[in-house]
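# Residue-level structure breakdown
So the chains spell out like this:
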Amino acid sequence: MESTQLFNLVPWVVFLPLIGLGINLLVGRRLGEVFAGTLASLATGLAFVVSILLAVALTGHTEGTTVVLADWITIGDFTTRWAFRVDTLSVVMMLVVSGVGMLIHIYSIGYMHNDVRHNGDAGRFTRFFVFLNLFIAAMMILVCADNFLMMFVGWEGVGLCSYLLIGFWFEKGKDGIGNAIAAKKAFITNRVGDFGLLIAMLLIFTNFGTLQFDQVFSQAAVVAAAKPGVMLLITLFMLLGVAGKSAQLPLFVWLPDAMAGPTPVSALIHAATMVTAGVYLVARSSVFYALVPAAQTVVTWVGAATALFAATIAVGQYDIKKVLAYSTISQLGFMVAAVGMGATVAGMFHLVTHAFFKGLLFLAAGSVIQGVERGMHHGAHPDHDTDPQDMRQMGGLRKQMPLTFWVYLIGALALAGIAPLAGFFSKDEILLSAWQTQPAIFIVLAFAAFLTAFYMGRQLIMVFFGKPQTKAAEHATESPLVVTLPLVILAALSVLGGALNFPGVHTLETWLSHTLGEGEPAHFNWLVAGISLALALCGLGIAWLIYGRKAEVAKVDPLKKGLGPVFMGMESKWWVDEFYQAVLLNPYKASAQFMAEQVDLGVIDRIGGGLAAGTRMLAEGIRKFQNGYIRTYALWMLLGLVVIMTYIFFK
Amino acid sequence: MIPIAFPLGLAIILFCMGIVGFIVRKNAIVIFMSLELMFNAANLLFITFANQFQQVDGQIFVIFIMVTAAAEVAVGLAMIVTIFRGKHNVDIDQLTNLKG
């Protein structure tokens, strides 16, 4: 087949998951778990195959193409269509989404089998895969849209799936409503960000007259010269959308709570794919940001501040998934800082490697959690007190779960940035571009990288080393093959991922330059690489010194003694939630209360009620005339007649 | 020729008698009769002025009113009979079911 014809396959990356979810929705429940899980994985796997074919086709025609499916909206001169854009950037995203997505689907077959039983509703198994496939479809729409409006459909679609999957066990959680609240929080926080994106889109529409990527970006320079203020507004409102979806300051608060969802969801949506949509958006719109240096500075600082801020919180967490969640926020901060600095390729590179090793870490954490859960059910007296996510109640798991331990170790080292694993190369590129352009950013990011290594070391030691802290940890068992196989594949990718953009070869750089324009490939800098490696080793080493030397894990975190109030802040997430509660939520609730009780009940309802009461009182008075005596009526008629006559006579 | 003041005065007297009778009496049949008095006062005025102005309209109208009154009496008496069957009297002051 002619390679350009391969491009026409692109709608299938959306339709295959949709077909999968349709079949599962209709008959999946009747055909059983294996069928539903395999079908969903197959749908995503085929989407992955299509993505590979597209990548192959792109090697011959690097300029890519746009495949128009249908017209959508036509109003006057304005037209929007359902069109799929195939270029090197979107195909990279497609490969990540469907590739990592497929592995997580396979993992979920094993994980959800236990999870639905642990939570006591086996019938919900199929629903999970329906939601996962819906997510893949929405994410594909997001990444391969050729205009902002279609991208927004995907953007909202993944937000919906995120909501549905965080609240998958909606009747569970704190007070039986905790998960539902977490889902709601994610959705509403994202609404704030989406508001920003929507405003940016409307501004683009009014100033460019179109929403199509190629037309908008080709006019960008002209508009930027004519109306610099508008361009600044567009980029900053877009940043608000990015902050919502990619969990940046100040809208990151939803992501840690999103860990209420099942672990594969945390891996797929809240680590590997959806939360990187913001990074993708900035990368896609890099033309805009290149024209507005002020916005670039803001984006860079938001990213860098988030990277450091979230890293400090991750140090003080005890929940195995919460640590990874804050780590994700921190790494997203790295990516946003990178794309803000104009190092789009470095940001995308980190996005890809992060999808590998953070997906791996989450899935491995899920394996650990279920191992501990199995340990809880061990023996004659099932243990219900252990929290299977609390790292303080684990320990020594490397003996019970050797395979999970090894892949976790690989993922953690990749995240920490130990050469030659994937994370080292991608993070090094970001640090390098910071080093070359903005030393202040470099210092912030380097410190965040050090903390990353530290909290990953802390987590490794608390979970896998030392002695088991509870009976459950002692009796934890290794997960089945369907769970561990995706882990091994992801671990291999985490080891080899650095080769994607190996210094000197720059495969990804060349690949993306066809879409993003020719950039100057980052030259490998031994000094920066040395600093970053030294920081990572320092972090791991200090973690070992603090947590690893004593076999008994102290009841109080050793850092607490050393850092005191600072650790208190890290432990309680710097009171950001409480701050928002006090500054935004409570005044909002109070004003809603005021509106409801004083304005609505007090004024508006009183107007209506007063009218009714007045009419009633008037009627009370008038009804006295209707006394039932005909003679009275006759008298009144007579009087009336006399009055009318008198009026007529004396007019 | 009788001066026009006489029939007019008679009509006014008849009408006032009708009104007073309608308002002060209790018996439904007497009230009915008072009503007829007022009717006839009006009829008297019609033919008086018809005669005065030498026009036939007033005379024709009187015939119409008489027919209407006859019909009305038929209905009204039937109602009074029915009321009497139910209540065993025709005291208008006891018929206060429509009191508001």
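Residues numbered from 1 in each chain as written. Chains lettered and ligands numbered in written order. Predicted model: local features only at pLDDT ≥ 70, side-chain atom pairs only at ≥ 80, totals over all residues.

### Observations concerning the interface of chain A and chain B
We count it as follows: Contacts here follow a simple rule: the backbone-placed C-beta atoms of the two residues must lie within 7 Å. Any residue that is not Ala, Val, Leu, Ile, Met, Phe, Trp, Tyr, Cys, Pro, Asp, Glu, Lys or Arg is counted as polar, Gly included; the first ten are nonpolar and the last four charged.
Counting from both sides, the interface comprises 10 residues of chain A and, opposite them, 10 residues of chain B. Its residues placed into classes, the side of chain A that touches chain B shows 5 nonpolar, 3 polar and 2 charged.

### Things to note about the packing of helix α15 (residues 320-340) of chain A against helix α20 (residues 439-464) of chain A
All names here are of chain A. For clarity, the cut-off: For helices, the fitted axis covers only the stretch in contact; all axes are lines through C-alpha atoms, and the angles between them, taken along N-to-C directions, range from 0 to 180 degrees. Secondary structure elements follow DSSP: runs of H or I no shorter than four residues count as helices, runs of E no shorter than two count as strands, and numbering proceeds from the N terminus. For classification, angles of less than 35 degrees are called roughly parallel, those exceeding 145 degrees roughly antiparallel, those between 65 and 115 degrees roughly perpendicular, and all remaining angles oblique. In a left-handed crossing the near helix is turned counterclockwise from the far helix by less than a right angle, and in a right-handed crossing that turn is clockwise.
Running from N to C, α15 and α20 cross one another at 160°; their axes reach a closest spacing of 11 Å. It follows from the interaxial angle that α15 and α20 lie roughly antiparallel. Where α15 crosses over α20, the two elements pack in a sense that is left-handed. On α20, the residues touching Ile320, Val323, Ser327, Ser330, Phe334 and Ala337 of α15 are Ile441, Leu445, Ala448, Thr452, Tyr455, Gln459 and Val463. Each residue belonging to the contact of α15 with α20 can be placed in one class, and the counts come to 9 nonpolar, 4 polar and no charged.

### Here's the deal with unusual backbone geometry
Excluding glycine, residues mostly have negative phi values, and the peptide bonds linking residues are mostly trans. The condition that has to hold: Burial in this document is a count-based property: other C-beta atoms within 10 Å of a residue's C-beta are tallied, and the residue is buried at 20 or more, exposed at 12 or fewer, or partly exposed in between, with C-beta positions derived from the backbone.
Of the consecutive residues Leu249 of chain A and Pro250 of chain A, the connecting peptide bond is found in the cis state with omega at 0°. For Gln54 of chain B, which is not glycine, the phi dihedral falls at a positive 55°. Its location among the elements puts Gln54 of chain B in the loop between α2 (28-53) and α3 (57-87). Here His88 of chain B, not a glycine, exhibits a phi torsion of approximately 60°, which is positive. Inspection of the secondary structure puts His88 of chain B in the segment after α3. Of the residues examined, His88 of chain B has 8 C-beta atoms within 10 Å and is grouped as exposed.

### Focus on the pairing of strand β2 (residues 78-86) of chain A
Residues and elements named next belong to chain A. Rule in force here: Only strands that DSSP links by at least two bridges are regarded as paired with each other.
By the bridge criterion, 9 bridges tie strand β1 (residues 65-75) to β2 in an arrangement that is antiparallel. Residue pairing in the sheet places Thr65 in a bridge with Val86 of β2. Taken together, β1 and the strand that follows it, β2, pair antiparallel across an intervening segment of 2 residues, in which Gly76 is found at a positive phi of about 60°.

### Some thoughts on the nonpolar core
What counts, and what does not: For our purposes the nonpolar core covers buried Ala, Val, Leu, Ile, Met, Phe, Trp, Tyr and Cys residues that link as a set through C-beta atoms within 7 Å.
The biggest cluster of nonpolar side chains holds 219 residues, and the ones touching the most others in it are Met140 and Leu445 of chain A. The biggest single contributor to this core is helix α16 (residues 344-376) of chain A, with 19 residues. Leu445 of chain A has contacts with Ala304, Ala307, Phe334, Ala337, Ile430, Leu431 and Ala434 of chain A, leaving out every residue within four places of it along the chain. Residues Phe22, Ala28, Ile31 and Phe32 of chain B belong to the second largest nonpolar core, which totals 5 residues.

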